[in-house]
Amino acid sequence: MCGIVGYTGNRRVVPVLLEGLRRLEYRGYDSAGLVYEYDNQLVKFRAAGKLINLEQAVDENIGVASHTGLGHTRWATHGAPTRDNAHPHSDCTGELVVVHNGIIENYGRLKEELLAEGHTFSSETDTEVLAHLIEKYLDDDLATAVRQALARVEGSYALGVFWVKEPHKLVAARNQSPLVMGVDDDACYIASDIPALLPFTRQVIFLDDNELVVLEQGTYSITNVADGREIKKEIRTIDWNPAMAEKGGFKHFMLKEIFEQPQAILNTISGRIVPDTGEIDLPEIGLSNDEIRDIERIALVACGTSWHAALVAKYWIEKWVGIPVDVDIASEFRYRRLLVSERVLTISISQSGETADTLAGIRLAASLGSKIVTICNVVGSTMTREADGVIYTHAGPEIGVASTKAFTSQLTALFMLTLYLGQERQTIEQETLKELGSALVDVAAVIDTILPRVQQQVQGLIERYYDSRDFLFVGRGLNFPIALEGALKLKEISYIHAEGYAAGELKHGPIALIDKDMPVMALVPKDAVYQKTVSNVEEIKARQGRLLLIGTEGDSHLATLTDDVLYLPEVHEELNPLLYTIPAQLLSYEIANRRGCDVDQPRNLAKSVTVE
Ligand code: F6R
């Protein structure tokens, strides 16, 4: 996720910006930049890679007598992580700059308009559109121009704007991306997160959606973006230490990332579903209509958690598009006789885009003539460079080693891919497309509302489960891969031996393990296979298994089977995998935390597995 820092006050600005950016490094980034005013000009430095590269670029200008500026760390979403794509981005004159966190959904249309009007662009980013759009409206007041530009913008933003003609003033605004202000006697700050402010001030104001702030040294005014109405806001004093602040007050990054899932899902959907028509727009998939129509089979290739996302997608694609789907663990895919050819579409799923086996798998498939699409969270990673098409998940950087928000964002991308294939091959009717698309948006809101409650309920249960030696997770249909994912989450962060099974498979062997000491988390939503799953649960109960059931609100039958039932709201049946992942993640997290494990960096594991 991008990081923004802005300062206007009496200090020399460059050290303030660099220190602020350093405090935002934990968010992950791939390039950085800053800008300040000097001698009636905006002076801009940008560099790909780590902050040290920016510091080297700034070099002796670090002590420049300038007192207002903006800094930015970029996590690429549109365009590779290069110097040219790094923020700040300028208008045509170079007199106005913008830093931005978020996604401008209608940037394509706006860019066409601005190009036609003669604006020239120097990056591939959506952000640069904002600089030119503000330029278009700019007369003699920056805040007015920002307001007019934002009226044209669809999408999410936290944004800082700086204009050379008002050299002590910054304008900032927010919609769906975090932005916080810091205040001091003679200075004001903006930042995308509190850690950037802590070296300077603990007095902060949290900006809300649709708020715009004009900062000028020690003064500020907050107004509504749309109508300019003044808004009074409370100043709060932050007493977090720096480590707590990085984690947004959560004890671990993993927990923070679990709670970020609703936003990550919405970011992944952003700009890809047209709400009125349900139409799915995935131009980056890199396949022509003919190529989509010609697909005979799809091969999904991935490892670990990403493989579980692929397993869910098999159910979706086969049901809604009618194309046969093979799902392979990448380290197996690459070492068997591959029956892959031009009419097989190979899709790799990888959070990092660097996993060695997955990469080798797509190279092999490409050598056999298969087109390659990758679903990935890291812009510019090796897999995205080698694929014919890319569907980016926009989960933001994931710092906890155990994948959480990257997984639910992969599910989101795969569901949209299913809808897109169904749309292009006309296997899904327009109305159904619309219904499924809006159900996907709804599920993000449902997850948002249940997260605190489910965490609390899980906390109430874990004393009975945290010292288990083994654990089983079971589910059927779409929720079978979620049982696998639950077991993986638990084993990797708590070191409890855990297995996931298709519930119907229990009686073919694993049921021998069931006794009063075996906890079993069963996923039992009211879906097409509900009765079958309940029968499997009864078999576990008959053998005194310790049942922990996750089911649909209102299903009182589950409470007759065990005391430990967590109820989730009903969502569209197809989207249960996103919802039922949440209790499995939280149970794993709370157990690992209770056992005192290093949740964010479990032993023996790495975030990016670049060796075989
Ligand atoms: C588990 C986890 C791993 C990864 C796997 C593949 O929580 O994160 O199982 O899913 O190593 O990594 P990517 O998705 O980067 O290819």
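Owing to the predicted nature of the structure, the values given are computational and were not obtained by experimental measurement. (Residues numbered from 1 in each chain as written. Predicted model: local features only at pLDDT ≥ 70, side-chain atom pairs only at ≥ 80, totals over all residues. Heavy atoms only, no water.)

Colleague: Quick question: what am I supposed to make of the site of the ligand here?
Modeller: Residues in close proximity to the ligand total 14 residues, the closest being Ser306, Ser350, Gln351, Thr355 and Glu492. Ser352 places a side-chain nitrogen or oxygen 2.7 Å from an oxygen atom of the ligand. Note that an oxygen atom of the ligand is positioned 2.9 Å from one of the side-chain N or O atoms of Lys489. Protein contact buries 90% of the 410 Å² of open area that the ligand shows by itself. For the shell around the ligand, the secondary-structure elements that each account for two or more residues are helix H10 (304-320) and helix H16 (480-494). Of all the elements, H10 adds the most residues to the shell around the ligand, at three residues. For the shell around the ligand, a count of residues per class yields four nonpolar, eight polar and two charged. (Near = heavy atom within 4 Å. Polar contact = N/O pair within 3.5 Å; in protein donor to acceptor, adjacent residues only side chain to side chain. Areas by Shrake-Rupley, 256 points an atom, 1.4 Å probe, with all protein chains shown as cover. Helix = DSSP H or I, 4+ residues; strand = E, 2+ residues; numbered from the N terminus. Nonpolar A, V, L, I, M, F, W, Y, C, P; charged D, E, K, R; others polar.)

Colleague: Even after reading the chapter, I still don't get the sheet that holds strand S20 (residues 470-475), so can you show me in this structure?
Modeller: Judged by pairing direction, the sheet is parallel, and its five strands sit side by side in the order S21-S20-S22-S23-S24 without closing on themselves. The sheet is open, and its two edges are formed by strand S21 (497-502) and strand S24 (565-568), each paired on a single side. Recorded for the sheet is a direction-independent mean angle of 15 degrees between the axes of neighbouring strands. The pairing of strand S22 (residues 519-524) with strand S23 (residues 546-552) spans six bridges and is parallel. Along S23, the bridge assignment pairs Leu523 with Ile550. Of the strands in this sheet, S20, S22 and S23 are in contact with helix H17 (residues 530-542), which crosses S22 at around 165 degrees. (Pairing = 2+ DSSP bridges. Axes fitted to C-alpha atoms, helices over the stretch in contact; angles between N-to-C directions. Contact = heavy atoms within 4.5 Å.)

Colleague: It is not clear to me how the pattern of salt bridges should be interpreted in this structure. Could you clarify?
Modeller: Here the idea is simple: oppositely charged side chains can pair when their charged atoms come close. One pass over the structure, following the stated rule, counts 35 salt bridges. For Glu154, the salt bridge goes to Arg109, with nearest N and O atoms at 3.6 Å. You can see Glu154 sitting in the loop between helix H5 (142-150) and strand S7 (155-163) and its partner Arg109 sitting in helix H3 (residues 107-116), a full 45 residues away along the chain. Residue Glu154 is classed as partly exposed on the basis of its relative accessible area of 38%. Its relative accessible area of 56% is what places Arg109 among the exposed residues. Between Arg152 and Glu113 there is a salt bridge, with the nearest N and O atoms lying 2.6 Å from each other. Residue Arg152 is found in the loop between H5 and S7, and its partner Glu113 is found in helix H3; the two are separated by 39 residues along the sequence. On the basis of relative accessible area, Arg152 is assigned to the partly exposed category, the value being 29%. (Salt bridge = Lys/Arg side-chain N within 4 Å of Asp/Glu carboxyl O. Buried < 20%, exposed > 50% of the residue type's maximum accessible area, 1.4 Å probe, protein only.)

Colleague: I tried to follow the packing of aromatic side chains on my own but got confused; where do I start?
Modeller: The way to describe two aromatic rings as a pair is by their centre distance and the angle between their planes. All told, the structure shown has eight aromatic pairs when counted by the stated rule. Aromatic side chains Tyr7 and Tyr189 sit 5.1 Å apart centroid to centroid with 55 degrees between the ring planes, which places their arrangement in the tilted category. Highlighted residues: Tyr7 in strand S1 (residues 3-8) and Tyr189 in strand S10 (residues 188-191), separated in sequence by 182 residues. The exposure class of Tyr7 is buried, given its relative accessible area of 1%. Tyr189 sits in the buried class, given a relative accessible area of 1%. Their ring planes at 35 degrees and their centres at 6.3 Å tell us that Tyr36 and Phe45 sit as a pair that is tilted. When its relative accessible area of 14% is taken as the criterion, Phe45 is described as buried. One residue, Lys50, lies across the ring of Tyr29, its end atom 4.4 Å from the ring centre. (Phe/Tyr/Trp six-rings, centres within 6.5 Å; stacked < 30°, edge-to-face > 60°. Lys NZ or Arg CZ within 6 Å of the ring centre and 35° of its normal.)

Colleague: Please explain the nonpolar core as it appears in this structure.
Modeller: When a protein is soluble and globular, its nonpolar side chains tend to lie buried together. Judged by nonpolar contacts, the single largest core of 93 residues is most densely connected at Ile298, Phe471 and Phe473. Looking at this core element by element, the count peaks at 13 residues for helix H15 (residues 430-461). Taken together, domain 2 (253-450) and domain 3 (456-594) each give at least three residues to this core, which thus spans both. Ignoring sequence-local partners within four residues, the contact set of Phe471 consists of Tyr465, Leu490, Ile496, His497, Ala498, Glu499, Met518, Pro519, Met521, Leu587 and Ile591. Among the nonpolar cores identified, the runner-up in size contains 33 residues, and Val16, Ala32, Val180 and Leu198 belong to it. (Core = buried A, V, L, I, M, F, W, Y, C linked by side-chain atoms within 4.5 Å. Domains from an automatic or database assignment.)

Colleague: How should I be thinking about the packing of H16 against helix H18 (residues 576-594) in this particular structure?
Modeller: To characterise two packed helices, one gives the angle between the axes of the helices and the distance between these axes. Where H16 meets H18, the closest approach of the two axes is 9 Å, and the angle between their N-to-C directions is 20 degrees. On the basis of their axis angle, the class for H16 and H18 is roughly parallel. Seen from above, H16 lies across H18 with right-handed handedness. Along the contact surface, H16 presents Ile482, Gly486, Lys489, Leu490, Ile493 and Ser494, while H18 presents Pro577, Tyr580, Thr581, Ala584, Gln585, Ser588, Tyr589, Ile591 and Ala592. For the contact of H16 with H18, the residue count by class is nine nonpolar, five polar and one charged. (Parallel < 35°, antiparallel > 145°, perpendicular 65-115°, else oblique. Left-handed = near helix turned anticlockwise from the far one by under 90°.)

Colleague: Help me understand the domain arrangement of the protein chain, please; the structure alone is not making it clear to me.
Modeller: As a measure of interface size, the accessible area lost when the parts come together is often cited. Domain assignment breaks the protein chain into domain 1 (3-244), domain 2 (253-450) and domain 3 (456-594). Between domain 2 and domain 3, the C-alpha centre-to-centre distance is 26 Å. Of the roughly 2,400 Å² buried between domain 2 and domain 3 on both sides combined, carbon and sulfur atoms contribute 79%. By the criterion of area lost to domain 3, the three top residues of domain 2 are His308, Tyr315 and Ile450, representing 20% of everything that side buries. Summed over the shared surface of domain 2 and domain 3, the number is one salt bridge. Note that Lys319 is salt-bridged to Glu574, the shortest N-O span being 2.6 Å. Scanning the region where domain 2 abuts domain 3 turns up 10 residue pairs in polar contact (both at pLDDT 80 or more). When residues of the side of domain 2 that touches domain 3 are traced back to their parent elements, those giving at least two are helix H7 (253-259), helix H8 (261-269), H10, helix H14 (405-424) and H15. When residues in the side of domain 2 that touches domain 3 are grouped by element, the largest group, 10 residues, is from H10. (Buried area = accessible area lost by both parts, 1.4 Å probe.)

Colleague: I keep staring at the side chain of Glu590 and nothing clicks. Help me out?
Modeller: Within the element layout of this structure, Glu590 appears in helix H18. For the buried Glu590, which has no salt bridge, the nearest side chain bearing the opposite charge is Lys251, at an N-O separation of 8.1 Å. Those residues in contact with Glu590, other than ones at most four positions away along the chain, are Gln455, Val458, Gln459 and Ile462. (Lys, Arg positive; Asp, Glu negative; His and termini not counted.)

Colleague: Sorry, what's going on with the layout of surface pockets here?
Modeller: Unfilled space is identified by rolling a water-sized probe across the atoms. Looking at the largest pocket, its volume works out to about 1,100 Å³. Lining of the largest pocket is provided by 42 residues; of these, His78, Glu105, Ser270, Gly271 and Arg272 occupy positions nearest its centre. Contributing elements (two or more residues each) for the lining of the largest pocket: strand S6 (96-104), H3, S7, H8, strand S19 (389-392) and H15. By residue number, the principal contributor to the lining of the largest pocket is H15, which donates five residues. (1 Å grid on protein atoms, 1.4 Å probe; cavity = no way out; pocket = protein on both sides within 12 Å on 5 of 7 lines; lining within 4 Å. Points joined across faces, edges and corners; volume = space filled by probe spheres on them.)

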